[in-house]
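Each chain, letter by letter, is given below.
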Amino acid sequence: MDLANLKSSSVVKRYPGNPVLSAKDIPYHATLVFNAGVAKFRDRYVMVFRNDYGVEGKSLQGTNLGIAFSDDGMHWKVSDKPCFTMKTEEIRRAYDPRLTVVEGRCYMCFAVDTQHGIRGGIAVTDDLEHFEILSLSTPDNRNMVLFPEKINGNFARLERPFPIYGRGAPEAFDIWYSDSPDCKYWGNSNLVLGSEQVPFCNSKIGPAAPPVKTERGWLTLFHAVDKQPGQVFDSWDGRWGKRYTMGIMLLDLNEPWKIVGMSPEPLMVPELDYPYEMKGFRGSVLFPGGMILEDDGEVKIYYGAADTVEALATARVEDLLALCVSG
Ligand code: BMA
């Protein structure tokens, strides 16, 4: 595939009011507001976003997770203080939240940078204020997303461990599936998608938004990275060369480690017409973390853009399914 000429699919429409959230909307110290998880919880849309604050050059004062609410999924009201932080001598920060409602409780997956590697965390909350941490994986793992239902009686997740010795290329990282009786003990791990199976990727992939259920299978987004020698994108340190695009696939309803179909083309690619995707802390990064299927068949896709702001795009579910099964 000619990676130089990738285009977004015509079935996806960017929201004209993008970005839906950025630092200027946050009533506390905020610099980069991006990579949010979004769910419908108790009749409202809820967004938990990553806030990297005090970012200058390569230095960062800190990261917290903020929370915002919306009645329409487009206009957001941010709460007056962050909802989640992790910081100890061992743990540097938690980031990249993803939200899934399972059996009426709101679960949040997140990445954790520690002195001994990157861990995937899962917490649960009933009030969006108090979070109980249920599990933290061994390093290195992140980009976890929970399925919105138990499958064969178990919690189920997609995840992205990063094996540095076993894959024969520096960042050939893949998407895996595991399940758990209680969200604490995880096992039955199966490979879902190898990065080499994605024609528009020459590096790593990772789960993006929690899967949504359709009659034909679990529809789910993933991010895919490509890089070219010497390619440098707009960035605050002038050295950023990885492009993050968005892919979409359909997984089997009962055995979700089996792929029913995958679009061979990217769903979205950072584009010049949308400067909020091209310019920022790390330009040319699309990092989806939320996908909502509305009753009328509209799909809302929430994605971090350029590691700087949060954006929204929409599509019809039947068009997304057609990309996966006819492609
Ligand atoms: C990944 C993660 C994401 C980030 C992306 C692009 O490795 O750190 O949080 O959005 O890189 O910088």
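### Here we look at the overall build of the protein
Along its length, the protein carries 2 helices and 21 strands. A buried classification covers 60% of the 327 residues belonging to the protein. At a minimum sequence separation of 6, the contacts of the protein that also span at least 24 residues come to 54%. For the protein, the exposed surface amounts to about 13700 Å²; the carbon and sulfur share of it is 49%.

### A word on the site of the ligand
The environment of the ligand is made up of N35, R50, D96, R142, K204, W240, Y244, R282, V285, F287 and D307. Interatomic distance of 2.8 Å between a side-chain N/O atom of R50 and an oxygen atom of the ligand. A distance of 2.8 Å separates an oxygen atom of the ligand from a polar atom in the side chain of R142. Broken down by class, the residue content of the shell around the ligand amounts to 4 nonpolar, 1 polar and 6 charged.

### Some words on the sheet that holds strand β1 (residues 13-14)
As summarised here, the arrangement of the 4 strands in space is β1-β21-β20-β19, forming an open sheet in which the pairing is antiparallel. Looking at the sheet topology across the chains shown, the edges are occupied by β1 and β19 (286-293). When β19 meets strand β20 (residues 298-305), the two strands line up antiparallel, connected through 7 bridges. Note that in β20 the partner of M291 across the bridge is I301. Its contacts with the sheet place helix α2 (residues 317-326) against β19, β20 and β21 (309-316), and it is angled at close to 85° to β21.

### Side note on the environment of V112
With respect to the secondary-structure elements, V112 resides in strand β7 (residues 105-114). Remark: the alpha-carbon pair of V112 and S10, spanning 102 residues in sequence, is separated by 36 Å. Once residues lying within four places of it in the same chain are set aside, the contact partners of V112 are M86, I91, R93, A94, Y95, G117, I118, R119, G121 and L136.

### Section: the sheet that holds strand β10 (residues 141-146)
If you walk across this open sheet you meet the 4 strands as β10-β11-β12-β13, and the pairing is antiparallel. One side of each edge strand has no neighbouring strand; the edge strands of this open sheet are β10 and β13 (187-193). If you compare each strand with its neighbour and ignore which way they point, the axes differ by 30° on average.

### Digging into the packing of aromatic side chains
In this structure the tally under the stated criterion is 13 aromatic pairs. Note on F147 and W218: the rings are 5.2 Å apart at their centroids and 85° apart in plane angle, and the pair reads as edge-to-face. Within this pair, whereas F147 is found in the loop between β10 and β11 (155-161), its partner W218 is found in strand β16 (residues 217-226), the two being separated by 71 residues in sequence. The class for W218 is buried, based on a relative accessible area of 1%. Through pairs of rings, three or more aromatic residues link up here, namely F147, Y177, W218 and W257.

### With respect to the pairing of β20
A large share of β20 lies buried, amounting to 7 of its 8 residues. Counting the residues between successive antiparallel strands, the hairpin from β19 to β20 contains 4 residues, one of them, G297, with a positive phi of roughly 90°. Inspection of the sheet shows β20 paired to β21 by 8 bridges, in the antiparallel sense. Bridge pairing in β21 places E298 opposite R316. Turn length for the β20-β21 hairpin, with the two strands adjacent in sequence and antiparallel, is 3 residues, and the turn residue A306 shows positive phi of about 55°.

### Here we look at the nonpolar core
Within soluble globular proteins, side chains that are nonpolar tend to cluster in buried spots. In this structure, L219, L221, L267 and Y303 are the most contacted members of the largest nonpolar core, which totals 27 residues. If you look at the next biggest cluster of nonpolar residues, it comprises 22 residues, including L3, A156, L193 and F222.

### Considerations on unusual backbone geometry
A cis geometry characterises the amide bond from N18 onward to P19, with omega recorded as -5°. Put simply, P139 and D140 share a cis peptide bond, and its omega is -15°. Tracing the sequence through the fold places D140 in the loop between β9 (132-136) and β10. Unusually for a residue other than glycine, S284 sits at a positive phi of about 70°. Structurally, S284 can be placed in the loop between α1 (275-278) and β19. For S284, a relative accessible area of 1% gives the class buried. If you check the backbone angles, A306 has positive phi at about 55° while not being a glycine.

Criteria and cut-off values
- Residues numbered from 1 in each chain as written.
- Predicted model: local features only at pLDDT ≥ 70, side-chain atom pairs only at ≥ 80, totals over all residues.
- Heavy atoms only, no water.
- Helix = DSSP H or I, 4+ residues; strand = E, 2+ residues; numbered from the N terminus.
- Buried < 20%, exposed > 50% of the residue type's maximum accessible area, 1.4 Å probe, protein only.
- Contact = heavy atoms within 4.5 Å.
- Areas by Shrake-Rupley, 256 points an atom, 1.4 Å probe, with all protein chains shown as cover.
- Near = heavy atom within 4 Å.
- Polar contact = N/O pair within 3.5 Å; in protein donor to acceptor, adjacent residues only side chain to side chain.
- Nonpolar A, V, L, I, M, F, W, Y, C, P; charged D, E, K, R; others polar.
- Pairing = 2+ DSSP bridges.
- Axes fitted to C-alpha atoms, helices over the stretch in contact; angles between N-to-C directions.
- Phe/Tyr/Trp six-rings, centres within 6.5 Å; stacked < 30°, edge-to-face > 60°.
- Core = buried A, V, L, I, M, F, W, Y, C linked by side-chain atoms within 4.5 Å.

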